[in-house]
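Residue-level structure breakdown
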Amino acid sequence: MPDGWAAEAVARLDREREDAGTTPLREFPLPGAWGVRLRLKDESAQPTGGLKHRLARALFAQAIIDGRITEGTTVVDATGGPMAVAEAYFARLLGLPYIAVMPKKSSGAGVERLGGTCRHVDPPLAVYEEAARLSAEIGGHYLDHYRSAAEVDWRGASLADELFGQLGECPRWIVVGAGTGATSAALGRRLRADGLEGRLAVADPENSAYFPGWATGAPDYATGMPTRIEGVGRPRMEPAFDAGVVDLVVPVPDAASVAAARHVRQVTGLAVGAATGTNLWAALELITRMRDRGEHGEVVGVIGDAGERHLATCHDDAWAAARGLDWRPYAERLRDLLGDP
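Definitions and cut-offs
Residues numbered from 1 in each chain as written. Predicted model: local features only at pLDDT ≥ 70, side-chain atom pairs only at ≥ 80, totals over all residues. Heavy atoms only, no water. Core = buried A, V, L, I, M, F, W, Y, C linked by side-chain atoms within 4.5 Å. Buried < 20%, exposed > 50% of the residue type's maximum accessible area, 1.4 Å probe, protein only. Contact = heavy atoms within 4.5 Å. Axes fitted to C-alpha atoms, helices over the stretch in contact; angles between N-to-C directions. Helix = DSSP H or I, 4+ residues; strand = E, 2+ residues; numbered from the N terminus. Parallel < 35°, antiparallel > 145°, perpendicular 65-115°, else oblique. Left-handed = near helix turned anticlockwise from the far one by under 90°. Nonpolar A, V, L, I, M, F, W, Y, C, P; charged D, E, K, R; others polar. Polar contact = N/O pair within 3.5 Å; in protein donor to acceptor, adjacent residues only side chain to side chain. Salt bridge = Lys/Arg side-chain N within 4 Å of Asp/Glu carboxyl O.

Digging into the nonpolar core
- With 59 residues, the main nonpolar core has Phe 60, Ile 64, Ile 69 and Leu 187 as its most contacted residues.
- Setting aside chain neighbours within four positions, we find Ile 69 in contact with Trp 5, Phe 60, Ala 63, Ile 64, Val 75, Leu 96, His 141 and Leu 143.

Listed below in structure tokens is the structure:
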């Protein structure tokens, strides 16, 4: 049975979930003649500004319930970006020390603002070994979110649980990116468990293993190359990615992700990350197929995160140019398809 601290810690996580509330579904404008509706589940409304908030909460709760995190345990993980920020947020909420091990070039400012510590290592793939070594050395808990996500107990708080409570009818398609793969797995399993007719598509950026791994049926597929789109895609098939519940994986050019992220900002005013652009581009591919076949219905996508930091990345011309991402032809294709926002 959980001790007093553990019981209070889990109760605090549950209260945080209730206080965070339900993230909204935002209407994305499409030509009315198409007969297709597109809504975006806006995870940028989470307290830490993104989809990773849900997974971090679930992983902390599970580790506490299992006795792997106790009062005063230093939590360590090999991660950066939104996941590291979300983990630092929950560590602070529970009064736990937190260390994020990340590549040398990554910014740890968000983690440090929340009272966490960053340890930068090089080369980038050394983060996993260093996080495991450091955790063992100090007697902490290595959260290892990529592996732990494969068996996470969402305790009724996954995006799938919330989304299906909001929808009146099941959409024709649900489109989501895959980082750990935990969210796509939860959505796909829910569709199948409830016998729903909707289908699940995963939007995948360049260099990611998910599209070729899914297409070839190779669960150990690896590209060995990092993706340029933060938050989605992986150089290897992660344990939490359940290819069997995915109906389609849509490969998306990185420059198209940048153009689509900018389009979302024009429509919503939200400075979304490029991963949201990946999601939108894939959703629009499916929608145009529906339009061309005369099919009507709804498609649901995801706004993965948003924040001012993205103004210096995918919304910045110099950032895109430095990475060889010519987004302008894709922006023109969006204007031809949708018109000016």
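Quick look at the packing of helix α1 (residues 4-20) against helix α3 (residues 81-94)
- For the pair α1 and α3, interaxial distance at closest approach is 10 Å and the crossing angle is 130 degrees. Here α1 lies oblique to α3, going by the angle between them. Crossing angle aside, the handedness with which α1 passes α3 is right-handed. Residues Trp 5, Ala 9, Arg 12, Leu 13 and Glu 16 of α1 pack against Tyr 89, Phe 90, Leu 93 and Leu 94 of α3.
- When grouped by side-chain class, the residues that make up the contact of α1 with α3 number seven nonpolar, no polar and two charged.

Some points on the side chain of Lys 41
- Position of Lys 41 relative to the elements: it lies in strand β2 (residues 36-42).
- A polar side-chain atom of Lys 41 sits 2.8 Å from the main-chain carbonyl oxygen of Thr 23.
- Not counting chain neighbours up to four residues away, the residues in contact with Lys 41 comprise Thr 22, Thr 23, Pro 24, Leu 25, Arg 54, Leu 159, Glu 162, Leu 163, Gln 166, Gly 301, Val 302 and Ile 303.

A word on the pattern of salt bridges
- What the rule picks out here adds up to 32 salt bridges.
- Here Arg 291 makes a salt bridge to Asp 292, at a shortest N to O gap of 3.0 Å.
- On the basis of relative accessible area, Arg 291 is assigned to the partly exposed category, the value being 32%.
- Several salt bridges converge on common partners, so that one network encompasses Lys 41, Glu 43, Arg 54 and Glu 162.

A look at the side chain of Arg 54
- Along the chain, the position of Arg 54 falls in helix α2 (residues 52-65).
- At a separation of 2.8 Å, a polar atom in the side chain of Arg 54 contacts the side chain of Glu 162.
- Excluding residues within four positions of it along the chain, Arg 54 makes contact with Thr 23, Lys 41, Glu 43, Gln 46, Trp 154, Ala 157, Ser 158, Leu 159 and Glu 162.

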